[in-house]
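The primary structure of each chain is shown beneath.
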Amino acid sequence: MLVEGKNISFSYDGFSLALRDVAIKIEKGEFLVILGANGAGKSTLVKHFNALLPLEQGELRVAQIDLRDEKDIWLLRRLCGMVFQNPDNQFVSSTVEEDIAFGLENYEAPRDEIPERVRAALALVEMGGYEKRAPDTLSGGQKQRVALAGVLALEPEIIIFDEATAMLDPSGRQEVLAIMDKLHKAGKTIIAITHYVEEAVAADKVILMQKGRILACGSPEAILTDLDLMKAAELLPPLPVRLYHDLRQAGVHLKNCPLTNEELVKEIWQLKSKT
Ligand SMILES: Nc1ncnc2c1ncn2[C@@H]1O[C@H](COP(=O)(O)OP(=O)(O)OP(=O)(O)O)[C@@H](O)[C@H]1O
Ligand SMILES: [Mg+2]
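Now for a description of the structure that goes with this document.

Turning next to the sheet that holds strand β4 (residues 57-62). Across the sheet, 4 strands lie side by side as β2-β1-β4-β5; this open sheet has antiparallel pairing. Looking at which strands have only one partner, the edges of the open sheet turn out to be β2 (19-26) and β5 (65-66). Taken together, the 5 bridges between strand β1 (residues 3-10) and β2 define a ladder with antiparallel strand orientation. Residue pairing in the sheet places Phe-10 in a bridge with Leu-19 of β2. Across the sheet, helix α1 (residues 42-49) touches β1, β2 and β4, and the angle it forms with β2 is around 55 degrees.

Printed below as a string of structure tokens:
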């Protein structure tokens, strides 16, 4: 198990709980999507994984590192990289290559390796050729890809995307999602927080959070098609799921509940071919 935690509770103000007795297990290579309404505790939970927030209560191990043990935090931050929502807040240097090199220097990567690692990271996110550009001259999608390159250069085991597609237009989102998929296929462990439920369809596992608790955990099929569960988490199921149920109410029974538009079209086509 790459991430294993139990009885995790956390409070920012010592009064209200942002996490309540959370238990979590994430396997190496898994693509996990965390869904939940605003304030459900998603960011608070993942910030525990790389010690951006201290473990106040409970147990947590990430990549064999015990989070109660402060001496390994530096290593943990390298092994568990995070990409955030706002791409503008993630740069410190005046050019793309300097920014990625800065991260590597911070983690004391051997000097002679740095240029090649910067190049390789930019190639992974298809941003080769942008080395000399100032980060603030890039588009939102390009900025997110450079921010991701900065994380990838450190050769992490786990990459956390905390609403990393939230501020992007549809094509920028697709770019970031495509890279997420590529990293997952290359064996990286991906944890993605999102408000776009359709981004959860391709996950290995979906976690629903509500009011600091984990409400449910399971396959996208099991979670996203369960109307009561989604309602309890204050979320709307993907459009094909809603249409499936609306059609049923209108007396049109599709054989299976579709999760994607393609599956919906197939279900409707099967219905048509039977009549
Ligand atoms: N820095 C902070 N100081 C005090 N309270 C905080 C802080 N950050 C979050 N909280 C509170 O902790 C709870 C969980 O917040 P968190 O940011 O983890 O939610 P989230 O699920 O990531 O929500 P969103 O979808 O809006 O990002 C909320 O009630 C929030 O107000
Ligand atoms: Mg959040």
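Moving on, there is more to tell.
Below, the discussion takes up the environment of Ala-37. As for its placement among the helices and strands, Ala-37 is situated in the loop between β3 (31-36) and α1. A residue is classified by how much of its surface remains accessible, and Ala-37, at 17% relative accessible area, is buried. C-alpha of Ala-37 to C-alpha of Asn-7: the two residues are 30 residues apart in sequence and 22 Å apart in space. The residues contacting Ala-37, other than those within four sequence positions of it, are Lys-42, His-195, Met-209, Ala-233, Glu-234 and Leu-235.

Attention now goes to the packing of helix α3 (residues 96-106) against helix α4 (residues 114-124). Where α3 meets α4, the closest approach of the two axes is 9 Å, and the angle between their N-to-C directions is 120 degrees. What the angle tells us is that α3 and α4 run oblique. As for the relative orientation of α3 and α4, their crossing is right-handed in sense. Between α3, through Val-96, Glu-97, Ile-100, Ala-101, Leu-104 and Glu-105, and α4, the contact on the second element is made entirely by Ile-114, Arg-117, Val-118 and Leu-122.

Cut-offs used in this document
Residues numbered from 1 in each chain as written. Chains lettered and ligands numbered in written order. Predicted model: local features only at pLDDT ≥ 70, side-chain atom pairs only at ≥ 80, totals over all residues. Heavy atoms only, no water. Pairing = 2+ DSSP bridges. Helix = DSSP H or I, 4+ residues; strand = E, 2+ residues; numbered from the N terminus. Contact = heavy atoms within 4.5 Å. Axes fitted to C-alpha atoms, helices over the stretch in contact; angles between N-to-C directions. Buried < 20%, exposed > 50% of the residue type's maximum accessible area, 1.4 Å probe, protein only. Parallel < 35°, antiparallel > 145°, perpendicular 65-115°, else oblique. Left-handed = near helix turned anticlockwise from the far one by under 90°.

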